[in-house]
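# Structural overview
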Amino acid sequence: MLDAKTLKILADRVLHAQDTATTMAKLTDEFPDLSISDGYDVQDELTRRWVARGDRQVGVKAGLTSKAKMDQMGVHLPGFGVLMASHARPENGVIAIDELIHPRIEAEIAFVMNAELGGDDVTLEQVIAATDYVIPAVEVIDSRFEKFKFDLPSVIADNCSTARYVTGGRPLDPRGLDLRTLGVVIEVNGEIQALGASAAVLGHPAEAIRLLLRHLAARGQTLKAGSFVMTGGITEAIPVARGDNVLARFQDMGSVSFRMG
Ligand code: OOG
Ligand code: MG
């Protein structure tokens, strides 16, 4: 476990990099013993600081849940992150690129929960039963590490590269959908950059929520009713630049669009 002094050094460093959109060296370069659990302790400290600033936690995300993402990042275990109200951006809006370092976009299926879930033996059916609706989302990730390169403890301490997210399309009842076979197409400036199907996320995106529940249970936490949950990029993440028009089309669910400005 991190001592209070090291926890403060790490949280200060990550928050500074996020707030100023500047890169830092991998945390494990200086703290080689940093563990995955230490990384989550840094996330908890970041969350406390955001709340102290007046921000509000709206949910949680799972990342590195598809083979495309794992291969792209060279990290072969999922990680989880905290989603705050301040990370959300409206559909069809402009995302300020000056606040980011080297953003990349990901198309994800998001869930909104209507009942609390907890424990490490929750079934897929129970996850669906506790889901209010599913909705298309695009996450804009932005690693605060140089060249977008990291290891798992470092990226977890950086809140799994969370930066912005946009929801759009239609909220749908998951009971009327086959959540494994939904196609998704990512276009930038009208050109297709990536495509995939929702089964790329662990065979079924609700599996990401089961993993998330196990992770929370190990830390004595639950997934609260009302939580917004992103289940992870279906395809590899696509780098975007100033002026790019982003459009993610989700089969049966509508699309999400915004511009990088
Ligand atoms: C880590 C975050 C990954 C996802 O959806 O897979 C993520 C990263 O690749 O920087 O959000
Ligand atoms: Mg993501």
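Quick summary incoming for the structure in this document. (Residues numbered from 1 in each chain as written. Chains lettered and ligands numbered in written order. Predicted model: local features only at pLDDT ≥ 70, side-chain atom pairs only at ≥ 80, totals over all residues. Heavy atoms only, no water.)

### Description of the site of ligand 1
Let me state the cut-off plainly: Throughout this document, a residue counts as near a molecule or strand when at least one of its heavy atoms sits within 4 Å of that molecule or strand. In protein, a polar contact means a hydrogen-donor-capable atom and an acceptor-capable atom, both N or O and within 3.5 Å, with residues adjacent in sequence counting only if both atoms are side-chain atoms; elsewhere, any N or O pair within 3.5 Å suffices. Values of accessible area rely on a 1.4 Å probe in the Shrake-Rupley scheme; residue burial ignores everything except the protein chains shown. In this classification, the charged set is Asp, Glu, Lys and Arg, the nonpolar set is Ala, Val, Leu, Ile, Met, Phe, Trp, Tyr, Cys and Pro, and all remaining amino acids, among them Gly, are polar.
Around ligand 1, the surrounding shell holds 15 residues, and the nearest of these are Leu 64, Lys 69, Glu 106, Ser 161 and Gly 233. Leu 64 has a polar backbone atom sitting 2.7 Å from an oxygen atom of ligand 1. Taking Gly 233, its main chain carries an N or O atom lying 2.8 Å from an oxygen atom of ligand 1. In isolation ligand 1 has 320 Å² of accessible area, and contact with the protein removes 100% of it. Here the residues of the shell around ligand 1 are counted per class, giving six nonpolar, four polar and five charged.

### Here's the deal with the coordination of the magnesium ion (ligand 2)
This is how the line gets drawn: With water omitted from the atoms examined, metal sites may look incomplete; donors here are N, O and S atoms no farther than 2.8 Å from the metal, or 3.2 Å in the case of Na, K and Ca. Only protein chains enter the accessibility calculation, which uses a 1.4 Å probe; a residue whose area is less than 20% of its type maximum is buried, one above 50% is exposed, and one in between is partly exposed.
Bound to the magnesium ion (ligand 2) on the protein side are Glu 106 (OE), Glu 108 (OE) and Glu 139 (OE), at distances that span 2.0 to 2.1 Å. Mapped onto the sequence, the residues coordinating the magnesium ion (ligand 2) show the spacing E-x1-E-x30-E. A single burial state applies to Glu 106 and to Glu 108, both of which are buried.

### Focus on helix H7 (residues 206–218)
Selection rule: Helix numbers and strand numbers start at the N terminus; a helix is a DSSP run of H or I with at least 4 residues, a strand a run of E with at least 2. Given the number of residues in a helix, its expected span is that number minus one, multiplied by 1.5 Å. Each C-beta atom gives one direction from the helix axis, and the arc is the one those directions make. Contact criterion: two residues are considered in contact whenever any of their non-hydrogen atoms come within 4.5 Å of each other.
Under the 1.5 Å per step criterion, the end-to-end length of H7 is 19 Å for 13 residues, consistent within 8% with the ideal 18 Å. The set of residues buried in H7 consists of Ala 206, Ala 208, Ile 209, Leu 212, Leu 213, His 215 and Leu 216. The arc that holds the buried residues of H7, viewed along the axis, is 165°, so those residues lie on one side. Buried residues in H7 make contact with helix H3 (36–52), strand S1 (57–63), strand S2 (79–84), strand S4 (104–113), helix H5 (124–129) and strand S9 (228–230). Backbone geometry just downstream of H7 places Gly 220 in the positive-phi region, at approximately 70°.

### Describing H3
Since one α-helical turn is 3.6 residues long, residues separated by three or four positions face the same way. Between its terminal C-alpha atoms H3 stretches 25 Å, which fits the 24 Å expected from 17 residues at 1.5 Å a residue. Asp 38, Gly 39, Tyr 40, Asp 41, Val 42, Gln 43, Glu 45, Leu 46, Thr 47, Arg 49 and Trp 50 are the residues of H3 that are buried. For H3, the secondary structure elements touched by its buried residues are helix H1 (4–20), S1, S2, helix H6 (152–157) and H7.

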